[in-house]
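For reference, the chains in residue letters:
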Amino acid sequence: MITKKDLDKIKAATLTENYLDDSREGIRVTVGMATCGIAAGAKPLFRLLKEGTADLEKVEVKMVGCIGSCRLEPMIEVYEGSKRTTYVFMTPEKCQKVLDEHIKGGKVVTEYTIGAADKENASSITEMSYFKSQKRIVLRNCGTIDPENIDEYIARGGYEALDKVLTSMSKEDVVNTLLSSGLRGRGGAGFPTGLKWKFTMAEADQKYVVCNADEGDPGAFMNRSVLEGDPHALLEAMAIAGYTIGATIGYIYIRAEYPLAVERLKIAIKQAEDKGLLGKNIMGSGVDFTIELRLGAGAFVCGEETALIASIEGERGEPRPKPPFPSQSGVFGKPTVINNVGTFANIPQIIVKGVDWFKSTGTEKSSGTKVFALGGKISNPGLVEVPMGTTLRDIIYNMGGGIPNGKKFKAAQTGGPSGGCIPVDHIDTPIDYDSLAEIGTMMGSGGLIIMDEDNCMVDIARYFLDFTVDESCGKCVPCRIGTKRMLEILERITTSKGKADDISKLKELGKNIKLTALCGLGQTAPNPVLSTIRYFEQEYETHIKEHKCPAGSCQAMIAYFIEAEKCIGCGLCARKCPVDAISGEKKQPHKIDRSKCIKCGACMEACPVDAIYKR
Amino acid sequence: MSDKAKYDELQSFIDEMKNEKGPLMPVMQKAQDIFGYLPFDVQKFIALGLDVPLTEVYGVATFYSQFNLEKQGEHSLSLCLGTACYVKGAQTLLDRLEQELKVKTGDTTKDGKFTLIGTRCLGCCGLAPVMMIDDDVYGQVKADEIPEILKKY
Amino acid sequence: MAKMVSLTIDGINVEVEEGTSVLKAAKDIGIMIPTLCYLNGVNSFGGCRICVVDAGAKSLLASCTLPAAEGMVIKTNTKEVQEARRMNMELILSNHDRSCLTCDRNGKCELQDTAFQMNVDEIRFDGKDTKHKLDLSSPAMVRDPNKCILCRRCVAACGRVQDIGVIGPTERGFRTIVEPAFKMSLGDVACINCGQCLQACPTGAITIVDDTKKVWDAIADPNKHVVVQTAPAVRAALGEEFGLPIGTCVTGKMATALKRLGFDRVFDTDFAADLTIMEEGTEFIGRLQNNGVLPMITSCSPGWIKFMEHNYHDFLPNMSSCKSPQQMMGSVIKNYYAPKMNIPRENIVSVSVMPCSAKKFEAGRPEFGDDVDVVITTQELGRMIRMAGIDFERLPDSDFDPLLGDSTGAAVIFGVTGGVMEAALRTVYEVLTKETLEQIEFESIRGMEGLKEATVKINDLDVKIAVAHGTANARKLLDSIRSGEKEYHFIEIMACPGGCINGGGQPLVDSEIKLKTNVVKQRAKALYSEDRGKALRKSHENPSVQQVYKDWLGEPGGHKSHEFLHTKYVERDLY
């Protein structure tokens, strides 16, 4: 039976032995091994470093989660004393050099550091301008601890919250703490977490805690990073929830498209069980709580809580009417608390550091931070964690590095297929639950896609609706048939077949679907369309009335041309063309046969004199 | 593994899960792991083993994208169609792939080598656009690179 | 005492038990909110979004799945609600085969009714309409997925109510289709033809196979001698086809109508029901006295037979070897009546009118030959009467034709759950005790309880009996016997909940009426009244039946009986 004293001992030992704090006596080398890192080639680097340091004393090589900047992967970090150096764009050769010159030789290889790559006077990621303004609470351990070693989590204060709850807090105390903290659900709807747990307190013979790790929003990978980088934060929070509402079983419903996260969770659960931090009689408190994994199978709708519950029960993931809410009737008909990974990840720290600490970040009605997954036309794609209330401008330009290739910002999309867009006019909107709702979008789970002048907003709306139509469960009429009809209209508009009353039809349909669909997926499905119509109606009109796509994006409405005056007849385009649509004599202006052209754009990329354009 | 061995393995798993609540999804996922896909015989086996109507098993199999009812190609080629990748031109890549492999998305090439899948966000948005062949992840893919990449398999 | 809650609907206060749906609460105060996918006692799905109401939430909620709560303020008829319902209706219609004029449900379709109620006068959002093939593989039912509105009422009837589950939702989203697994047809899967799906369907997506043309052809053929028999449950419901109140017994008018349609002989299946009791009673007594296989299980429900053959064929030895009344009658007509009247067999056309869709399958079983040539259901008889322009309500009463037209009260109650058992007991009791049965009506096995059991003292023996109706209850009963938990001597099983009066071929009843009326109970009352009104109420007292034994069969359970009135069943795979 493990006690707080044991945790303290482990903490002290690990801090020292794994060189986890600034007074370290040795060197700690970490390799970013979340999915992105591994995709970029981190595994061979890890092996290289492990082998290369095998007979060195006072050097620990550890794998960690996402260090914080996807486009710079593979990344490794070297911690020496209080100095931290972040190396980017690593290859086996570069890694060898770092091993020889820095780890063994004590000299930083400056040209490989993050400062050199991004032209800032810094050697670690924490000093970079785009990182400094972030406040990493949920991501605090990501990229610094080994997710497959529970001791490192304990060394960072892990499981202290669980101990505090089990030994000195009543169930009501926990609920009140959460209520006062103002923590709201990070899955997107923003429901007060304390209230949700409070509603699940009524007596029952069996209750459940469920973690929604389905993260289906395309472009969102906040949860994945926590699961791959700091899984114990989730386990600890779920155990706290189990104690508070009186549940003995927890389910983590995780999408199957996250195999690495699944693996790391399995390891974490086993390690927690082995230490007596999960399972029977946790820490001698008499509280039982076990966690099981359930995998999704490719259905976005299973991110909706009642569909998720149906899926756990072995059924088609079709949402159920609410009321009754999961608090009264959830998994197998029993009271259930179901929260997002992001929500859970905040809880241990709120317990340990207190309500005032949490409320000191963020806004009055949206306390704490939010993790966003920046993607699309942005220089620094990746995760950023910012206090609620940070403006979109800040996120895009300070942390995101602005729009690449000198292009103009056009709109940002939040909330994935359930959200809307934020145009230039609202770029100074503070990002919090209520402000976003006012301008016609929603927080969503955190996906933040940036679009530039080359993106067509009508096409983006069509893209999202296409997604929704494919993922609709088919149970209720407005979503099953309504969204399909909306998509048909958008498909016509983006292929030059728009009709005069299309916009009003889209608005009518959209309004009805929002009003009568059975679940959140349907109720929010029209948002991308309604939002883009609200802010970009002109673009729709141009498509419909003039049969033109101003952004030059809708395939059926654009054509590629070779400007004869600029063309030098080099023939590169013709060679690149996969369908032989370009013809021309050597040194003579070439021509594109539009009946063959598949508009792939390969010719435009290949042309050395920018003679090819699309209109 | 022989067919009998495969069915035996599935049976053991069914026996383990039978008394758990909500066993159907995990059993079907295990069956797909073992057999690679879920044809009639396997679904019938599951239906009888868990004492649920075949209709229910099939209803679940056809609801979730990840369950395959048909034999898959030797290599699974997934192109991410998540927002970040889409915004960076993934549709063009998909068109190109369909052209090169001469299949529609979702189908397997005639020689059984590749199954082309347009997949949901893989979560590597920083490397958009992203393509996966089996466990190999290719980031920042350009249309021209496709023939080269395919040649590797 | 259940907790009561009080809420306001359209400004009117109403008090209901906690947990009651707002839909039902509204019905209590005379507000019939339009529905499509809701079916009382079968399906509460919340999918069509037609029954939506304003409950003060940010979106409208479906009243069929909204539990009434204290202090709720509901508005069922605001402009917003009306427009929302209408648009959802338009969406449904935009994806529906709208060839109503040639559809079997023309004029009696819930989709038509609801569109009419909502004053839909245009379909603004036309687009792609999914196209599917017809399923004509079953002898009893036709499936047309183009008319399906995905309400899932049939899925609930087959899966939840009957616990069989051969049809269900497949695929996802717009591509969803309700059909058997792997795109098999009904004829390929373990469908028992009970037609509960048909009874639940609001549109023409599942309809009864129409065999009336064969009957018209036979009647029109001067060379054919067309004989018709009518099942007990038909007379309790046929009137509904002509607007008569539910539960009106129309025996006399039915006989008259059949004569006017041109049948050469109008006989009564009830006669054969009495005959069945003679045979089955004898068989049961035989097993009791000679250590035969017990419990014995009745065999007149062809839906139950096929269900047993697929799922419980370990009970084959328990089945009574008696044919059903329909088949016994068919056999008597072809093998006794025809020669007696000097009519060559090939000139006799034996038609039956049944409440049961599975009878169409039964008549086609190879072992039954041509004993019954055509089966039409109550619905189809209604069609024939309408087509002939007969004003049913004004018909005078008449009797069935003699020879095979007489029946006792015991025969009439065959159409209700518990009726066969009761009829059998009335005879078995008197034969074994040689005393008159005073208490003719066995209350303990009447009623709509799914599983009923009783003990009847006959001489020194406590005869344990059980009655189950609906295959879900049959499963429970048989599982309890398989596990050794329960033991009985005699069991009656009917595939349809309520018995034959709720068969797949009975007149269709609008879901709105099913919300207000217990249709099955009303129809049952009609048969119980007719039983009480009869002079003879025990099968063995039927003089016409006694005559047939004297004339032809010899004695019950004898050699001739076994040749013409008994049969065997088979094992069938589930898949």
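Residues numbered from 1 in each chain as written. Chains lettered and ligands numbered in written order. Predicted model: local features only at pLDDT ≥ 70, side-chain atom pairs only at ≥ 80, totals over all residues. Heavy atoms only, no water.

Novice: I'd like a description of the interface of chain B and chain A, backed by residues and values.
Specialist: Opposite the 38 residues of chain B that make contact, chain A presents 61 residues. Taken together, the two surfaces of chain B and chain A that pack against each other cover about 3,800 Å², and 58% of this comes from carbon and sulfur. Summed over the shared surface of chain B and chain A, the number is 1 salt bridge. Where chain B meets chain A, there are 13 residue pairs in polar contact (both at pLDDT 80 or more). (Contact = heavy atoms within 4.5 Å. Buried area = accessible area lost by both parts, 1.4 Å probe. Salt bridge = Lys/Arg side-chain N within 4 Å of Asp/Glu carboxyl O. Polar contact = N/O pair within 3.5 Å; in protein donor to acceptor, adjacent residues only side chain to side chain.)

Novice: Would you mind going over the packing of aromatic side chains in detail, with residue names and values included?
Specialist: One pass over the full model with this rule turns up 22 aromatic pairs over all chains. Centre to centre, the rings of Phe267 of chain C and Tyr337 of chain C are 5.2 Å apart; their planes meet at 85 degrees, and the pair counts as edge-to-face. Here Phe267 of chain C is found in strand S11 (residues 265-268), whereas its partner Tyr337 of chain C is found in helix H11 (residues 325-340), with 70 residues between them in sequence. On the accessibility criterion, Tyr337 of chain C (1% relative accessible area) is buried. Aromatic rings pair up to connect Trp304, Phe307, Tyr312 and Phe315 of chain C into one cluster. It is Arg172 of chain C that lies over the ring of Phe63 of chain B; its NZ or CZ is 5.8 Å from the centre. (Phe/Tyr/Trp six-rings, centres within 6.5 Å; stacked < 30°, edge-to-face > 60°. Helix = DSSP H or I, 4+ residues; strand = E, 2+ residues; numbered from the N terminus. Buried < 20%, exposed > 50% of the residue type's maximum accessible area, 1.4 Å probe, protein only. Lys NZ or Arg CZ within 6 Å of the ring centre and 35° of its normal.)

Novice: Any details on helix H16 (residues 471-482) of chain C? Residues and values, ideally.
Specialist: Residue and element names in this part refer to chain C. Taking 1.5 Å of rise per residue, 12 residues should cover 16 Å, and H16 covers 16 Å from first to last C-alpha, within 8% of that figure. Counting buried positions over the 12 residues of H16 gives 9, a clear majority of the element. For H16, the set of buried residues is Thr471, Ala472, Asn473, Ala474, Arg475, Leu477, Leu478, Ser480 and Ile481. Check the buried side of H16 and you find it contacts helix H4 (153-161), strand S12 (296-297), helix H10 (302-311), strand S15 (451-458), strand S16 (461-469) and strand S17 (490-494). (Expected span 1.5 Å × (residues − 1).)

Novice: Provide a residue-level description of the domain arrangement of chain C, including the pertinent values.
Specialist: All names here are of chain C. You can read the domains of chain C as domain 1 (4-92), domain 2 (130-208) and domain 3 (212-565). Here the C-alpha centroids of domain 1 and domain 3 sit 41 Å apart. Taken together, the 8 residues of domain 1 in the interface contact 5 residues of domain 3. Summed over both sides, the interface of domain 1 with domain 3 buries roughly 630 Å², with 70% coming from carbon and sulfur. Where domain 1 meets domain 3, there are 1 residue pair in polar contact (both at pLDDT 80 or more). Residues of the side of domain 1 that touches domain 3, tallied by class, amount to 4 nonpolar, 2 polar and 2 charged. (Domains from an automatic or database assignment. Nonpolar A, V, L, I, M, F, W, Y, C, P; charged D, E, K, R; others polar.)

Novice: Pulling in residues and values, what's your account of the pairing of strand S1 (residues 4-9) of chain C?
Specialist: Residues and elements named next belong to chain C. With burial as the criterion, only one face of S1 is covered, namely that bearing Val5, Leu7 and Ile9; the residues Met4, Ser6 and Thr8 on the opposite face remain uncovered. Sheet analysis places S1 next to strand S2 (residues 12-17), joined by 6 bridges and oriented antiparallel. Its bridge partner lying in S2, Thr8 is registered against Asn13. The turn joining S1 and S2, which pair antiparallel and follow one another in sequence, is formed by 2 residues; a positive phi near 50 degrees is taken by Asp10. Both S1 and strand S5 (residues 73-74) contribute to a ladder of 2 bridges, which runs parallel. The residue of S5 that forms the bridge with Ile9 is Ile74. (Pairing = 2+ DSSP bridges.)

Novice: Outline the nonpolar core, listing residues and values.
Specialist: Counting residues in each nonpolar core, the largest one holds 137 residues, and the members touching the most others are Tyr159, Trp197, Leu235, Ile252 and Phe344 of chain A. In terms of residue count, the dominant contributor to this core is helix H12 (residues 231-245) of chain A (10 residues). Counting residues in hydrophobic clusters, the runner-up holds 91 residues, among them Ile312, Cys473 and Met486 of chain A together with Ile92 of chain C. (Core = buried A, V, L, I, M, F, W, Y, C linked by side-chain atoms within 4.5 Å.)

Novice: Describe the pairing of strand S6 (residues 249-254) of chain A, listing the residues and the values that go with them.
Specialist: Buried residues dominate S6 of chain A, accounting for 5 of its 6 residues. Crossover connection from S6 of chain A via helix H13 (residues 259-274) of chain A to parallel strand S7 (residues 290-295) of chain A: handedness right-handed. (Right-handed = clockwise from strand over helix to strand, strands pointing away.)

Novice: Tell me what's going on with the domain arrangement of chain B, and back it up with residues and numbers.
Specialist: Considered domain by domain, chain B is made up of domain 1 (3-63) and domain 2 (75-151). Distance from the C-alpha centre of domain 1 of chain B to the C-alpha centre of domain 2 of chain B: 30 Å.

Novice: Could you give me a rundown of the interface of chain B and chain C, with the residues and numbers involved?
Specialist: The interface of chain B with chain C comprises 18 residues on the first partner and 16 residues on the second. Interface area, chain B with chain C, both sides summed: about 1,300 Å², of which 65% is carbon and sulfur. Here chain B is connected to chain C by 0 salt bridges. The set of elements that each furnish at least two residues to the side of chain B that touches chain C consists of helix H3 (40-50) and helix H4 (54-63) of chain B.

Novice: Mind laying out unusual backbone geometry, listing which residues take part and the relevant values?
Specialist: Residue and element names in this part refer to chain A. Cis rather than trans, the peptide bond between Glu73 and Pro74 has omega equal to -5 degrees. Examined against the element boundaries, Pro74 turns out to sit in the loop between strand S2 (59-64) and strand S3 (76-80). Here the residue pair Pro323 and Pro324 is connected by a cis peptide bond, since its omega of 5 degrees sits within 30 degrees of zero. Residue position: Pro324 is located in the loop between helix H14 (305-312) and strand S8 (336-340). In this structure, Phe332 takes a positive phi of about 50 degrees despite not being glycine. Its location among the elements puts Phe332 in the loop between H14 and S8.

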